[in-house]
Every structure is written in C-alpha cells, then in structure tokens.
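In case you want the letters, here they are:
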Amino acid sequence: MPMTMQEWRDSNATADNAANAFRDMLRLVDAPDRTINSVRGTASHKGEALVYVGHLPADVVERLAERVRLAVAP
C-alpha cells in the first residue's frame with residue numbers, strides 16, 4: 001500500500017529530529033561546522049526515517065566514542 005503524503009512528512013520530521021540530535025552530539029565534541037552541516041535527515045521512498053552522516057573526521061568519531069564510553073561506564 002502506498003504511503004500518504006502525511007506519512008512521508010511524519011517520517012521526514014522524525015529523520016530531521018534525529019539529525020538535529022546527532023548535530024547536537026557533534027557540537028558537544030567541537031566538530032567543525034562543515035561536519036555538523038553535512039548531517040541530513042530524510043525519508044526513504046518507503047517512508048523509513050533515515051539520517052545521512054557521510055564521512056566523519058576520525059578525530060571527531062574518537063571524541064564521540066569517548067563521550068559514549070564515559071556515559072555507559074560501569
């Protein structure tokens with residue numbers, strides 16, 4: 001069954017919210033603006049909410065990983 005325009009909009013909004021959350025995480029580790037601005041939320045043709053991240057600088061990923069490790073450390 002094809003999705004409605006409202007379903008697509010809802011999925012797109014979910015993806016945008018997730019992309020914004022990821023951008024916030026990138027800001028926490030002082031990622032460069034070009035990296036933060038490359039994150040995009042979108043809905044697939046089937047209505048799946050997706051976030052495109054692309055290539056991230058390795059040092060940014062290491063800083064994100066360190067934050068996660070600190071947050072879940074026993």
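Parameters at a glance
Along each chain, the written sequence defines residue order, and numbers are assigned to residues from 1. The predicted origin of the model limits local features to residues at a pLDDT of at least 70 and limits the giving and counting of side-chain atom pairs to 80 or more, whereas totals for whole chains, interfaces and linings rest on all residues. To obtain the side-chain values, all non-hydrogen atoms of the structure were included, while hydrogens and water were left out. Working definition: helices are DSSP H or I runs of at least four residues, strands are E runs of at least two. Numbering for both runs from the N terminus. Radius of gyration here uses only the C-alpha atoms, and the compact-globule reference equals 2.2 Å multiplied by the residue count raised to the power 0.38. Each residue gets one of three labels from its accessible area relative to the maximum for its type: buried under 20%, exposed over 50%, partly exposed in between, using a 1.4 Å probe on protein chains only. Note on contacts: a residue pair qualifies if any of its non-hydrogen atoms lie within 4.5 Å across the two residues. The accessible surface values rely on the Shrake-Rupley method and a 1.4 Å probe; as for residues, cover is taken only from the protein chains in view. By the counting scheme adopted, Arg and Lys are positive, Glu and Asp are negative, and His together with the chain ends is not counted. All charge positions are set by atom: Lys at NZ, Arg at CZ, Asp at CG, Glu at CD. Per-residue confidence from the prediction method is given by pLDDT, with values spanning 0 to 100. Pairs of N or O atoms are called polar contacts if they sit within 3.5 Å, as long as, within protein, a hydrogen donor faces a hydrogen acceptor (for residues adjacent in sequence, only side-chain-to-side-chain pairs).

Attention shifts here to the overall build of the protein. Counting secondary structure elements, the protein contains 3 helices and 2 strands. For the protein, the N- to C-terminal ordering of α and β elements is α-α-β-β-α. Against the 2.2 N^0.38 benchmark of 11 Å for 74 residues, the protein shows a C-alpha radius of gyration of 15 Å, more extended than a compact globule. Taken across its 74 residues, the protein has 23% of its residues classed as buried. Taking contacts inside the protein between residues at least 6 apart in sequence as the whole, the part at least 24 apart equals 57%. If you sum the accessible surface of the protein, you get close to 5500 Å²; carbon and sulfur atoms cover 57% of it. Of the side chains in the protein, 9 bear a positive and 10 a negative charge, and the two mean positions are spaced by 3 Å.

Quick look at the side chain of Asn12 now. Within the fold, Asn12 resides in helix H1 (residues 5-28). You can call Asn12 buried: its relative accessible area is 17%. Residues in contact with Asn12, not counting those within four places in the same chain, are Gly41, Thr42 and Ala43.

Take unusual backbone geometry next. The phi torsion of most residues other than glycine is negative, and most of the peptide bonds are trans. The phi torsion at Asp30 lies on the positive side, around 55 degrees, for a residue other than glycine. Note on Asp30: relative accessible area 65%, which makes it exposed.

A word on the confidence of the model for the protein. Residues of the protein with pLDDT of at least 70 account for 100%, and the chain-wide mean is 94. Within the protein, helix H3 (residues 58-72) has the poorest average pLDDT of any element, 92, and strand S2 (residues 49-52) the best, 97.

For the rest of this paragraph, the subject is the side chain of Ser11. Within the secondary structure layout, Ser11 lies in helix H1. The class for Ser11 is buried, based on a relative accessible area of 7%. A distance of 3.2 Å separates a polar side-chain atom of Ser11 from the backbone nitrogen of Ala49.

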